[in-house]
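Per-entry structural report
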Amino acid sequence: MGGVTHLIVFVSMFAAIALMSEAQYLLAVTKDEPSKQYYTTVYIGSAAMTSPVNLLLDLGTNLTWLNCRKIKSLSSLRVVTCKSSTCKSIPGNGCDRNTCLYRQPRPLGKNTVVTTGRVVQDNATIFTTEGEQPVHIAPSRRFTFSCAVEKYLQGMAPPIAGVLALSPGEFPFWRQMTSAYNIIPKFSLCLPSSRYGYLFMGTPSLGGKKTVPMTLTPLKIDSGKYLISVTSIYVDRAPLTLDPSLLEGGAQLSTVVPYTVLQTDIYNALAQAFTLKATNIGMTETPEHAPFKYCFEEGASGKNIDVSVMEIGLPGNGKEVKWRFQGANMVERVSETVICLAFVDGGKKPNESMVIGTHQLQDYLIEFDLSTTQMAFSDPLIFHNTNCST
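Residues numbered from 1 in each chain as written. Predicted model: local features only at pLDDT ≥ 70, side-chain atom pairs only at ≥ 80, totals over all residues. Heavy atoms only, no water.

Helix and strand counts for the chain come out as four helices and 32 strands. Partitioning the contacts of the chain with sequence separation of at least 6, the portion at a separation of at least 24 is 69%. Here the chain displays about 16,800 Å² of accessible surface, and carbon together with sulfur accounts for 51% of that area. (Helix = DSSP H or I, 4+ residues; strand = E, 2+ residues; numbered from the N terminus. Contact = heavy atoms within 4.5 Å. Areas by Shrake-Rupley, 256 points an atom, 1.4 Å probe, with all protein chains shown as cover.)

Set out below in structure tokens:
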């Protein structure tokens, strides 16, 4: 790893994508600040009586599930039978007499905690953020989801009443949408640091005033997770000294983990490099602020936001490309004068050595293209005088 040179990402490796509402389908994403959870709104029910339901974005859930008591009218709701082809093709399905059941680990609980609910179908409606006409999922291609009991909502912010499935499985929301309208099976996320962001279904528009470059890297699908291969990790262009086996599993992407979780050895190497830079610019280490171990008083210099730049080396076009995290994506402010390294120690033997959380994903445009099994990611949008909230 130490022999890997710093490579510049050339323009020939980019595809231009614009942050515009002309994307085929566009949903607003809201950040709940106290919980740091991200959700969007889907309207469930017949055209005459739809019910808005806020759903947590989750890249790891296979089938959308929600508290069906939030639906005003159940007249258009249809139960999926156990013998149906739909039930048989849903991972984790089960049966209660002739009713199809869905079993799925809760995204905010331990893997041993499982939601169980009836699999149902109903019409669904989404609205664009520009106030255009609502887009209906065709009745002939009803939206398939599960009714879960309210106790499974524990840990979710009060506005949220379920989970929007965005996994690479057979029945996530994005796949149902793209299949119903015969569009390219891909979706994009632009998670905001505050207020509102975007969830694109299909291909975001090309061209326009806010075009940003996108870098491509292979996307790995494993056990219903999105993973990217990691070749190296840099801090301020210097590679961290790590056991290569720690990077073999790659990095999982998550929309429910608030801060990137690193295996202990990776975390310690990052923290050491970060601390060295912080002290070199006159910052003073302070007591930890849970869940963060390394925090600093910024002092008179005020050089808080650019303490360090972290880059993850990824494969791309036969060369190493780099996904850069800096500034607000590296630290969290816990008081007027104290910032903390916004990463979490995941222990010596976690299931994944790296799980990239939402704080690090904020204000990037990230595209999941299942037609080519590639992920595209932008530069920090601040480099282009924009952000996900714009």
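Judged by nonpolar contacts, the single largest core of 75 residues is most densely connected at Phe-145, Phe-187, Trp-323 and Phe-368. Element by element, the count of residues in this core is highest for helix 3 (residues 264–280), at seven residues. For Phe-145, the contacting residues outside a window of four places in its chain are Ile-44, Leu-63, Thr-64, Leu-66, Cys-68, Ile-71, Leu-77, Arg-118, Val-119, Val-120, Gln-121 and Asp-122. The next biggest cluster of nonpolar side chains, apart from the first, holds 19 residues, and it includes Val-80, Ile-90, Leu-153 and Val-163. (Core = buried A, V, L, I, M, F, W, Y, C linked by side-chain atoms within 4.5 Å. Buried < 20%, exposed > 50% of the residue type's maximum accessible area, 1.4 Å probe, protein only.)

With respect to the helices and strands, Asp-369 occurs in strand 31 (residues 366–369). Within the local environment of Asp-369, its side chain forms a polar contact with the side chain of Lys-186, the two groups lying 3.2 Å apart. Ignoring sequence-local partners within four residues, the contact set of Asp-369 consists of Ile-184, Pro-185, Lys-186 and Gln-374. (Polar contact = N/O pair within 3.5 Å; in protein donor to acceptor, adjacent residues only side chain to side chain.)

Looking at the secondary structure, you find Leu-189 in strand 14 (residues 186–190). A relative accessible area of 4% means that Leu-189 is categorised as buried. In this structure, Leu-189 is in contact with Leu-57, Leu-59, Tyr-198, Leu-199, Thr-255, Tyr-364, Leu-365, Ile-366 and Phe-368, ignoring residues within four places of it in sequence.

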